[in-house]
Amino acid sequence: MTIKLLALGKTDSKQLQQLMDEYQNRLRHYIKFELEIIPDIKNTKNLSESQQKEKEGIAILSRLNPTDQMILLDENGKQHSSMEFSKYLQKKMNTGLKQLVFVIGGPYGFSDAVYDKAVGKISLSKMTFSHQMVRLFMIEQLYRGFTILRNEPYHHQ
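Source: prediction; values computed, not measured. (Residues numbered from 1 in each chain as written. Predicted model: local features only at pLDDT ≥ 70, side-chain atom pairs only at ≥ 80, totals over all residues. Heavy atoms only, no water.)

Observations concerning the overall build of the chain
In terms of helices and strands, the chain carries five helices and five strands. Tracing the chain from N to C terminus, the helices and strands come up as β-α-β-α-β-α-β-α-β-α. Taking 2.2 N^0.38 as the reference for a compact globule, 157 residues should give roughly 15 Å; the C-alpha atoms of the chain span a radius of gyration of 15 Å, in line with that estimate. In terms of its C-alpha atoms, the chain occupies a principal-axis envelope of roughly 50 × 35 × 25 Å. A total of 157 residues make up the chain; the buried ones form 46% of that total. Counting contacts in the chain only where the partners sit at least 6 residues apart, residues at least 24 apart contribute 84% of the total. Carbon together with sulfur atoms contributes 48% to the accessible area of the chain, which is approximately 9,000 Å² in total. When the 22 positive and 17 negative side-chain charges of the chain are each reduced to one mean point, those points stand 3 Å apart. (Helix = DSSP H or I, 4+ residues; strand = E, 2+ residues; numbered from the N terminus. Rg over C-alpha atoms; globule rule 2.2 N^0.38 Å. Buried < 20%, exposed > 50% of the residue type's maximum accessible area, 1.4 Å probe, protein only. Contact = heavy atoms within 4.5 Å. Areas by Shrake-Rupley, 256 points an atom, 1.4 Å probe, with all protein chains shown as cover. Lys, Arg positive; Asp, Glu negative; His and termini not counted. Charge placed at Lys NZ, Arg CZ, Asp CG, Glu CD.)

In structure tokens:
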């Protein structure tokens, strides 16, 4: 299985990018992982929230394969402990799924078309984080999940 993380817009912070690179390298010891950055939508000042969500939605959906399962990182999604998330990943791998795609949306969330295509929603916290930080947190949680599945000493519980 491949895990892909789709995110809108580049990461401005060199420090965050270095940490993301570190955890991506660690994660690749366990599973094929890809981080795909969708370029920012142009001229958003001239767009309403719904128009921006629609344009972002088209960009997101255009990057999916027909057999992909898409999970949205959404404030209204299901919250998991790290242990529960590792079991969630194991169940996905057990299905023989070719690619699992997690998506970090834009500042206004997702279009209806993206919600319709998604097979689930996950929330990392009830708190709000910057989209750039969510990338790091998600990659780290994926890494943590795989260390849990391998009974490695990274996660303490």
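A look at the side chain of serine 13
Mapped onto the secondary structure, serine 13 falls in the loop between strand 1 (2-8) and helix 1 (14-27). Here the side chain of serine 13 touches glutamine 15 through a polar contact of 3.3 Å, side chain to side chain. (Polar contact = N/O pair within 3.5 Å; in protein donor to acceptor, adjacent residues only side chain to side chain.)

Focus on helix 3 (residues 82-94)
Along its 13 residues, helix 3 runs 18 Å from first to last C-alpha, staying within 8% of the 18 Å computed at 1.5 Å per residue. Turning to helix 3, its buried residues are Ser82, Phe85, Ser86, Tyr88, Leu89 and Lys92. Down the axis of helix 3, the sector holding all buried residues measures 155°, keeping them to one side. Helix 3 presents Lys87, Lys91 and Asn94 as exposed residues on the side facing more than 90 degrees away from its buried surface. Structurally, helix 3 contributes buried residues whose contacts are with strand 1, strand 3 (69-78), strand 4 (99-104), strand 5 (120-122) and helix 5 (131-149). Downstream of helix 3 by one or two residues, glycine 96 has phi in the positive range, about 80°. (Expected span 1.5 Å × (residues − 1). Arc of directions from axis to C-beta.)

As for the sheet that holds strand 2 (residues 32-38)
The five strands are arranged 2-1-4-3-5 in an open sheet whose pairing can be described as parallel. If you trace the sheet from one side to the other, it starts and ends with strand 2 and strand 5, each paired once. Each neighbouring strand pair of the sheet contributes to a mean axis angle of 30°, computed without reference to strand direction. Bridge count for strand 1 against strand 2 is seven bridges, and the pairing is parallel. (Pairing = 2+ DSSP bridges. Axes fitted to C-alpha atoms, helices over the stretch in contact; angles between N-to-C directions.)

Thoughts on the packing of aromatic side chains
Two numbers describe a pair of aromatic rings. These are the distance of the centres and the angle of the planes. In the structure shown here, the tally under the stated rule is eight aromatic pairs. Grouped by ring-pair contacts, the aromatic residues Tyr23, Tyr30, Tyr143, Phe146 and Tyr154 constitute a single cluster. The residue whose ring lies beneath arginine 26 is tyrosine 23, and the NZ or CZ to ring-centre distance is 4.8 Å. (Phe/Tyr/Trp six-rings, centres within 6.5 Å; stacked < 30°, edge-to-face > 60°. Lys NZ or Arg CZ within 6 Å of the ring centre and 35° of its normal.)

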